[in-house]
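As a plain string of letters, each chain reads:
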Amino acid sequence: MESLSPLVESHDLIAFTGKGGVGKTTSAAATAVHLAEQGERTLLLSTDRSPSLSDILGTDVGGEVTAVPGVENLDAIEMDFDTVAERWKEAYGEEVYAVVSSFMPVDRWVIDYFAEAPGIATQFALSYLLEFYEGDTYDRIVWDTAPAGATIGLIELEEKLYEHLGTAPKFYAKLRAAISRDTKADPSKLLDEWRELAQDCLAMVQSDRTTFLVVTNPEKLAVNETQRITAELEDRGIAVGGIVANGLLSESLCDCSFHQDRVAMQREHLAELESVYGQDPGLVSVPQFSTEVAGVESLREVGTHLFT
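Below or above, wherever it landed, is the structure these notes cover.

What counts as what
- Per chain, residues are indexed from 1 in the order of the written sequence.
- In keeping with the model being predicted, local features are shown solely for residues with a pLDDT of at least 70 and side-chain atom pairs are shown and tallied solely at 80 or more, while totals for entire chains, interfaces and linings include all residues.
- Derived side-chain values reflect all non-hydrogen atoms in the structure, with water molecules and hydrogen atoms excluded from consideration.
- Relative accessible area decides the class of each residue, using a 1.4 Å probe on protein chains only: under 20% of the type maximum gives buried, over 50% gives exposed, and in between gives partly exposed.
- Elements are defined by DSSP. Helices are runs of H or I of four residues or more, strands are runs of E of two residues or more, and each kind is numbered from the N terminus.
- At least two bridges found by DSSP between two strands is the condition for calling them paired.
- By the criterion used throughout, a crossover qualifies as right-handed when its path from the first strand across the helix to the second strand runs clockwise, the strands pointing away from the viewer.
- A patch is a set of surface residues, each over 30% in relative accessible area and not in a salt bridge, joined within 9 Å for like charges and within 5 Å for the nonpolar side chains Val, Leu, Ile, Met, Phe, Trp and Tyr.
- Computed with a 1.4 Å probe, the accessible areas rest on the Shrake-Rupley method; for each residue, only the protein chains presented here act as cover.
- Salt bridge, as applied in this entry: a Lys or Arg side-chain nitrogen positioned within 4 Å of an Asp or Glu carboxyl oxygen.
- Two residue types count as positive, namely Lys and Arg, and two as negative, namely Asp and Glu; His and chain ends fall outside the count.
- By convention, the point assigned to a charge is CZ for Arg, NZ for Lys, CD for Glu and CG for Asp.

For strand E7 (residues 240-248), the buried fraction is high: 9 of the 9 residues fall into the buried class. Strand direction decides the pairing type here: strand E6 (residues 210-216) and E7, joined by 5 bridges, are parallel. From the neighbouring strand, Thr-216 faces E7, where its bridge partner is Ala-245. Regarding the hand of the β-α-β motif, the stretch spanning E6, helix H9 (residues 220-235) and E7 is right-handed. The pairing of E7 with strand E8 (residues 283-287) spans 5 bridges and is classified as parallel. Looking at E8, one finds that Val-244 is bridged to Val-284. Assessed by its sense of winding, the connection that carries the chain from E7 through helix H10 (residues 257-282) to E8 is right-handed.

What follows is the structure, encoded as structure tokens:
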């Protein structure tokens with residue numbers, strides 16, 4: 001695979017992941033621009049808690065779905081996790097209050113308490129992505145994930161949540177019996193709803209309609225991390241559709257010893273990537289640019305290397 005074209009044409013959700021700082025957001029943004037300019041209604045979405053999508057696109061896309069100026073058919077959004085928590089409260093706050101207040105005397109602060117619990121907003125962010133995935137507004141969704149460890153952790157959280165919620169109703173039934181209260185609020189319906197949501201989120205990332213692209217640099221640490229990422233994704237039944245080797249130096253640009261040593265080092269690691277991933281799932285390379293990538297024009301240039 002020397003081009004992403006056949007890959008992205010056959011998938012509705014294209015997720016970019018990788019070690020922090022390897023060019024994951026740049027690759028995702030360039031892909032979204034390319035798809036939109038091919039006539040595909042495209043959403044570019046970031047779940048990175050330290051996002052750089054607005055900087056790369058040159059327009060503020062934080063918090064709300066925003067049309068990207070200069071690119072027809074392209075919308076973008078950086079997930080604001082405070083907003084996600086508010087959406088969670090709107091969706092489930094009243095039910096949570098009804099259930100908890102049926103067991104013990106509490107005020108409405110309990111809604112904020114649960115919304116701010118570790119993992120709640122992060123988990124609900126996937127369900128927000130799921131809404132777009134199951135809707136018909138967009139032909140393609142390009143997902144700029146958080147650095148790989150956080151993304152694996154997010155998927156792992158869904159797995160654990162799904163497993164936990166399978167036994168939780170029994171616990172609450174025993175609790176209700178133990179405190180001898182005739183409560184009208186039954187948590188089973190709410191917990192079943194959450195479990196179904198977790199199941200749908202897992203099905204989304206494991207679907208044949210979804211593919212993950214791992215972005216890396218031709219350097220030892222990034223290559224080693226790529227091997228770990230691909231193994232962890234595949235262990236969870238998630239398809240790795242390709243590897244993007246970003247930041248390749250050209251031997252012809254400079255004949256100084258420093259540059260030539262860097263080129264030789266990269267060539268060694270690129271050969272390693274080629275031997276492991278060249279045939280399956282495939283490898284695409286992108287050169288190091290002399291200027292920073294920021295703005296639609298520079299993203300188009302990156303896209304020529306991803307899709308030519």
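Having seen the structure, we can now continue with the description.
A cluster of acidic residues, Glu-232, Glu-234, Asp-235 and Asp-280, forms a negative patch on the protein surface. In terms of residue count, the dominant contributor to the negative patch is H9 (3 residues). Summarising the element assignment, Glu-232 is placed in helix H9.

It is worth spelling out the sheet that holds strand E2 (residues 42-46) at this point. Pairing between the strands of a sheet is mediated by backbone hydrogen bonds and can be parallel or antiparallel. Spatial ordering of the open sheet is given by E3-E4-E2-E5-E1-E6-E7-E8, a layout of 8 strands whose pairing is mixed. Each edge of the sheet is formed by a strand with only one pairing partner; in this case those strands are strand E3 (66-67) and E8. Bridging between E2 and strand E4 (residues 74-78) involves 5 bridges; their strand directions are parallel. Across the sheet, residue Leu-43 finds its bridge partner in E4, namely Asp-75.

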